[in-house]
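Here is what each chain is made of, one letter per residue.
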Amino acid sequence: MTPTLDSARAAIRPYHRKPEPEVLAPLVVSAQMAAPDRDAIVAIARDLLQDLRAAQSDGWVNQFLQEYRLGTEEGTALLSLAEAFLRVPDPETADLLIADKLTDADWRGHKGQSSSLLVNSATWGLVLGKAVLGDSNSSLKRLIARAGEPFVRQAVGAAMRLMGQVFVMGRTIDEAMKRMDAKENRGFTASFDMLGEAARTRADAERYFEAYANAIASVGQNAARGHSVSVKLSALHPRYETAQAATCVHELAAMVRELASKAASLGVQLTIDAEEAARLEMSLDIIERVARDPALNGWDGLGMAVQAYSKRARPTIAWANALGAETRRILQVRLVKGAYWDSEIKHAQERGLSDFPLFTRKPATDVSYLACARDMFDAAHIRPALASHNALTIATIVHWAGNRRDFEFQRLHGMGEGLFERLVQEDGYHCRTYAPVGGHRDLLAYLVRRLLENGANSSFVHQLADQSVSEDELLADPVEKVMAVGGTRHPAIALPADLFQPERVNSQGVDLDDAAVLAATATEIAIPAKLAIAAGPGPQEAVSRALAAYPAWSSTSLYTRAECLDRLADLLEENRGKLMALAVQEAKKTIPDALSEVREAIDFCRYYSARAIADLVPVELPGPTGERNVLRHEGRGVWVAIAPWNFPLAIFLGQVAAALVAGNAVVAKPAPQTPAIAAFAVSLAHQAGVPADALQLVTGAGDVGAQLTSDTRICGVVFTGSVLTAKAIARNLLLDDARPLVPLIAETGGLNAMIVDSTALSEQVVRDVIISGFQSAGQRCSALRLLLLQEDIADHTLEMLRGAMDCLNVGDPSDPATDIGPVIDQASYDKLMAYRQSVKDRIFHSVAVPAKGLFVPPTVIRLNDLDQLQNEWFGPLVHVATWKAGTLDATVQRVNAKGFGLTMGLHSRIARSSEAVEQMARVGNLYINRSMIGAVVGSQPFGGEGLSGTGPKAGGPHYLYRFCAERTTSTDTTSAGGNASLLSLEDEV
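The shown structure was predicted, so the numbers you read here are calculated from the model rather than taken from an experiment.

Rules and cut-offs
Residues numbered from 1 in each chain as written. Predicted model: local features only at pLDDT ≥ 70, side-chain atom pairs only at ≥ 80, totals over all residues. Heavy atoms only, no water. Helix = DSSP H or I, 4+ residues; strand = E, 2+ residues; numbered from the N terminus. Buried < 20%, exposed > 50% of the residue type's maximum accessible area, 1.4 Å probe, protein only. Contact = heavy atoms within 4.5 Å. Areas by Shrake-Rupley, 256 points an atom, 1.4 Å probe, with all protein chains shown as cover. Expected span 1.5 Å × (residues − 1). Polar contact = N/O pair within 3.5 Å; in protein donor to acceptor, adjacent residues only side chain to side chain. Core = buried A, V, L, I, M, F, W, Y, C linked by side-chain atoms within 4.5 Å. Axes fitted to C-alpha atoms, helices over the stretch in contact; angles between N-to-C directions. Parallel < 35°, antiparallel > 145°, perpendicular 65-115°, else oblique. Left-handed = near helix turned anticlockwise from the far one by under 90°. Nonpolar A, V, L, I, M, F, W, Y, C, P; charged D, E, K, R; others polar. Pairing = 2+ DSSP bridges. Right-handed = clockwise from strand over helix to strand, strands pointing away. pLDDT = per-residue confidence, 0-100. Phe/Tyr/Trp six-rings, centres within 6.5 Å; stacked < 30°, edge-to-face > 60°. Lys NZ or Arg CZ within 6 Å of the ring centre and 35° of its normal. Salt bridge = Lys/Arg side-chain N within 4 Å of Asp/Glu carboxyl O. Bend = angle between axes of the 7 residues up to and from the residue.

Caption draft 1: Focus on the overall build of the chain. In terms of helices and strands, the chain carries 37 helices and 25 strands. Residue burial in the chain is summarised as follows: out of 989 residues, 58% are buried. Sequence separation of 24 or more characterises 77% of the internal contacts of the chain that already satisfy a separation of 6 or more. Accessible area for the chain stands at about 39,200 Å²; split by element, carbon and sulfur atoms hold 53% of it.

Structure representation (structure tokens):
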């Protein structure tokens, strides 16, 4: 009996992050086969393997990919070159990229190794390329030096375009359709997909929509040929995200409905592709809305894709069948194995989520695929489309299907040749080729994803090309493999909670990509989080109390102090909702920022607890016999911790936790804008076992901080804030000549630059500029202040940035849809707005903001020269200047010359450029091909140099030492009657 649509939908959710053994147990039952069936399937698979191997040896492309497999140095070099080369507009950078990728690899080792003349010719070309571009002074290099780099550049360009032709069906839909009529594609139909990644701007989305509409129109001119069109929802909307579901789902449904109506009128099948796990629920909403459109009644051309590596795959198929039943249609369902595996694993680990949304072992995905395929065959309202390049999978389906032909196989264009030809031409099966359409420049991300997907060590395609893998191994039963390990996850892939084990437990995240969780979180943080802040002692009294409490706390066992931090971390996790509410209401943080803040505070506590136990225990040092030398780390006394308002919990507790676990008493002063969250954090610390007087809270403005740092009884200051205040504190600590020298740990701001060359992927750059420059309203020490674009790609990148900025939501930080909230207070608002007014003639673009409130418009400001920026503007203001190709080194040196040294970003696909910047940049944190904010405790220790701070780096292995007094005890162990241990030594034979 088909379940109702509502019950089928409800059944999907519990599987999202369910433990793998629980998900796999019923799948194994469905995928298991009796011995006679297994024997018949293996026999079919062996025949398919023969066809595959014959095709692999015939085609020069297949042989080329076998010769330069992913995982080899040469294969990786070619993949990297293909990913970037065609988008580089200037010859100078193109030459640098080619040299970077070709000159280190061992191309000579591949000479003459292939049976293909074309492959060997290509290898010889790579050898020549290395000779031209390498550092050697060989006779070969001298011989062809006259042709030089332009010759190599043209040859590489031709090779990359040839690779594009292999994997892209056509540059236009008409070209692709014509190619589908070629001899090698006869008997096959196509599912045309417009190349390109997710839309970053509304203009991108409109362009993709038109491309899909044109494709449908072209295919519809000869609908009898049976071709179809595939649509990526992320290409149709720049904000296809859970937090934006209230608008994007409605808008996407309208767009897909329009495309579907056009497709239905022309008799063309339209399939909605599957994407990241976070988008599954939204995609089902959209598909359901389209399927319920009365105008589409009677049309069976609507399709969707399901990813077998997803733990929710099987219930999703049940939902698709229920949808077909309720809307009285046959739904076309494409079953794929999945293409975002590595990014899904990383996403879950970064977010600290409870488990992964997919299987961590390849055999588990294969088992899921078979179970899902069986369900699809049994579903009355599904027409199966089974996409795989795995001979055993195809053989299993052929065996199960028997005489049935009411389904189709699918393959990727450019891959899997030989697997389906005989099945189509002799056995009457239908196979559809998933055919990308677009310019070769748009091929890049698609190509990388597909080659990674099919070149991974565990993939059938990779194993087929590996001569060391036997036929029996290729055809091993995935059910047996899964059962042999009890369905457990891969041991090398740590659960998010275990990411930092054995050192510590990772902080728990909240799945804000889950609509129900996001809604519940928003409701929780909307509750007013009022907290009475006790008046507390004045600065002098607080120091006195802390000084009195210091001896007892310092003599407390190191392990006891560390346990206090662990308990504090647990209390923070228990009170996460209230802390997030305080962060949103008092510090004006958005919901994701508030969550990150609490998680970072938890990580600081657990990390410093673990580091203290590892690093602060007594250490015996070497010396002559008869002598014992011991190094001890002990507290110094009373530390003053002065924290900023932009991280009122994480930095505040990071400072406090480090000082406390080292054995110091602490007087903590939060920023005047954020006393409530600090007060709550201190109350939790006391609840965790830290004595009340050992941790004192003093609130107030700068004058209170000055009184504290002027007190000659304190032994150290840890401060995060402005350069001017840090210098004032440093002077204050030196005013009294009779005062001991005390350490100052200062972390200040910076003129943080992101340098972008022409090999960078513009979509990635724009995303990272938005995150780095505008997230948290630009109120992070590490935020992007200066964007430096290679002039060859500046106009294109800025236009894309303009469009992406227009998609931002500025408003109430408690609203889940808000990207950017207000700045912290009126003084900050006035200062930033006055500056914007002073440079209004240089504003490239800004974003509309609410009329009421402290909302500073996210703004990009053009500079004629990077030296025009001399001051840090602590808000959502990004300055942009350009640099000429070939001047990367000089550009880095000019940034260094500004004297700040906190963060720097680099976007480049040239490894040598990354290495050069790493050597030259005088910054505490260098971020390559990623955003510049969000340093993770223990992974990316944070802190600057020069005008940006003193070090050591917070969240790093050297931070605790700075809070300690190092004391060495040296004992003469012979003073009481000779060296007994030496005298008692026995002779060895």
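Here the narrative resumes.
Caption draft 2: Structural detail: helix H25 (residues 558–574). Compared with an ideal rise of 1.5 Å per residue, which puts 17 residues at 24 Å, H25 spans 25 Å between its outermost C-alpha atoms and is within 8% of the ideal. Leu558, Arg561, Ala562, Cys564, Leu565, Leu568, Ala569, Leu571, Leu572 and Glu573 are the residues of H25 that are buried. Residues of H25 that are buried in the fold lie against helix H24 (539–555), helix H26 (576–587), helix H27 (591–615), helix H28 (650–661) and helix H29 (675–687). N-capping of H25 is provided by Ser557, with a side-chain oxygen placed 3.1 Å from the backbone N of Tyr559.

Caption draft 3: Summary view of the nonpolar core. Residues Phe192, Trp319, Leu335, Leu386 and Phe409 are the most contacted members of the largest nonpolar core, which totals 109 residues. Core analysis: the second largest hydrophobic core is formed by 74 residues, Leu512, Leu572, Val666 and Cys715 among them.

Caption draft 4: The packing of helix H11 (residues 202–220) against helix H12 (residues 245–266), seen in detail. Contact pair H11 / H12: the axes reach a minimum separation of 8 Å and the direction vectors enclose 15 degrees. When the interaxial angle is binned, H11 and H12 end up roughly parallel. As for the relative orientation of H11 and H12, their crossing is right-handed in sense. Taking contact as the criterion, the partners of Arg202, Phe209, Tyr212, Ala213, Ile216, Ala217 and Gly220 in H11 are, on H12, Glu251, Met255, Glu258, Leu259, Lys262, Ala263 and Leu266. In terms of residue class, the contact of H11 with H12 is built from 9 nonpolar, 1 polar and 4 charged.

Caption draft 5: The pairing of strand S4 (residues 302–307), seen in detail. In terms of residue burial, S4 counts as a mostly covered element, since 6 of its 6 residues are buried. Going residue by residue along S4, you find Leu302, Met304 and Val306 tucked away on one face and Gly303, Ala305 and Gln307 tucked away on the opposite face as well. With 3 bridges joining them, strand S3 (residues 269–272) and S4 adopt parallel strand pairing. When the bridges of S4 are listed, Ile272 appears paired with Met304. At this point the chain moves from S3, through helix H13 (residues 280–291), to the parallel S4, and the crossover so formed is right-handed.

Caption draft 6: Fine view of the side chain of Ser368. Tracing the backbone through its elements, the reader meets Ser368 in helix H16 (residues 362–378). Apart from residues no more than four positions distant in its own chain, Ser368 is found in contact with Leu27, Ala308, Ser310, Ala313 and Phe359.

Caption draft 7: Focus on the confidence of the model for the chain. Per-residue pLDDT for the chain has a mean of 90; in total, 88% of the residues score no lower than 70. Predicted confidence for residues 130–148 stays below pLDDT 50, and this span has 25 contacts to residues more than four positions away or in other chains.

Caption draft 8: View of the packing of aromatic side chains. All told, the structure shown has 12 aromatic pairs when counted by the stated rule. Plain terms: the ring middles of Phe377 and Phe407 are 5.1 Å apart, the flat faces sit at 90 degrees to each other, and that makes the pair edge-to-face. Taken together, the residues Phe377 in helix H16 and Phe407 in the loop between helix H17 (391–401) and strand S7 (408–412) connect sequence positions 30 residues apart. In this pair, the class of Phe377 matches that of Phe407, namely buried. On the numbers, 4.0 Å between centres and 15 degrees between planes, the contact of Tyr835 with Trp873 is stacked. Remark: Trp873 occurs in the loop between strand S19 (859–862) and strand S20 (877–883) and Tyr835 occurs in helix H34 (residues 826–838); sequence separation between them is 38 residues. Residue classification places Trp873 among the buried residues on the basis of a relative accessible area of 16%. Above the ring of Tyr208, the side-chain terminus of Arg207 is found at 5.3 Å from the ring centroid. Taking NZ or CZ as reference, Arg374 lies 4.0 Å from the ring centre of Trp400, over its face.

Caption draft 9: Quick peek at the pattern of salt bridges. Under the counting rule described, the total for this entry stands at 52 salt bridges. For the salt bridge of Arg314 with Asp375, the shortest nitrogen-to-oxygen distance reads 2.6 Å. Note that Arg314 is positioned in helix H14 (residues 313–327) and Asp375 in helix H16, a separation of 61 residues in sequence. Arg314 gets classed as partly exposed once you look at its relative accessible area, which sits at 21%. The shortest N-O distance in the salt bridge between Glu573 and Arg606 comes to 2.9 Å. With a gap of 33 residues between them, Glu573 in helix H25 and Arg606 in helix H27 connect regions that are remote in the sequence. Residue Glu573 shares its accessibility class with Arg606, and that shared class is buried. Bridged by salt links that share partners, the residues Glu503, Arg504, Asp603, Arg611 and Asp615 form one connected network.

Caption draft 10: Molecular detail of the packing of H25 against H29. Taken N-terminus to C-terminus, the directions of H25 and H29 make an angle of 130 degrees; their axes are 8 Å apart at the nearest point. In terms of axis orientation, H25 runs oblique to H29. Relative to H29, H25 is oriented so that their crossing is right-handed. Residues Leu568, Leu571 and Leu572 of H25 touch H29, and the partners they reach there are Ala681, Leu684, Ala685 and Gln687. Looking at side-chain class alone, the contact of H25 with H29 contains 6 nonpolar, 1 polar and no charged residues.

Caption draft 11: Structural context of the side chain of Gln655. On the secondary structure map, Gln655 appears in helix H28. Looking at Gln655, the relative accessible area reads 2%, which means it is buried. Excluding residues that lie within four positions of it along the chain, Gln655 makes contacts with Ala641, Ile642, Ala643, Val718, Phe719, Thr720, Tyr959 and Phe963.

Caption draft 12: Representation of the sheet that holds strand S15 (residues 744–747) within the structure. The strand order across the open sheet formed by 5 strands is S13-S12-S11-S14-S15, and the pairing between neighbours is parallel. Whereas interior strands pair on both sides, the edge strands pair on one side only; in this sheet they are strand S13 (695–697) and S15. Strand after strand, the sheet turns through a mean of 15 degrees between neighbouring axes, direction not considered. With 4 bridges joining them, strand S11 (residues 638–642) and strand S14 (residues 716–720) adopt parallel strand pairing. Residue Trp639 lies in a different strand from S14, and its bridge partner there is Gly716. On the sheet, H24 packs against S11, strand S12 (665–669) and S13 and is oriented at approximately 145 degrees with respect to S12.

Caption draft 13: View of the sheet that holds strand S25 (residues 964–972). Read across the open sheet, the 3 strands follow the order S9-S10-S25; overall the sheet is antiparallel. Since the sheet does not close on itself, it has two edges, and those belong to strand S9 (619–621) and S25, each with one partner. Going from strand to strand, the sheet's axes swing by 30 degrees on average, the running direction of each strand aside. Pairing between strand S10 (residues 627–635) and S25: 9 bridges, direction antiparallel. Its bridge partner lying in S25, Glu634 is registered against Ala965.

Caption draft 14: Seen up close, the environment of Ile98. Position of Ile98 relative to the elements: it lies in helix H6 (residues 91–102). According to the relative accessible area criterion, Ile98 is buried, its value standing at 1%.

Caption draft 15: Main features of H24. Here H24 spans 25 Å end to end across 17 residues, near enough to the 24 Å set by a 1.5 Å rise per residue. Of all the bends in H24, the greatest reaches close to 40 degrees and is centred on Ala549; the proline Pro551 follows between one and four positions later. Those residues of H24 that sit buried are Pro539, Ala542, Val543, Ala546, Ala549, Tyr550 and Trp553.

Caption draft 16: Fine view of unusual backbone geometry. Here the amide bond leading from Gln501 into Pro502 is cis, since omega sits at 5 degrees, within 30 degrees of zero. One can find Pro502 in the loop between helix H22 (478–484) and helix H23 (515–526). Pro952 follows Gly951 through a cis peptide bond whose omega is -5 degrees. One non-glycine residue, Lys588, adopts positive backbone phi at about 60 degrees. With respect to the element layout, Lys588 can be found in the loop between H26 and H27.

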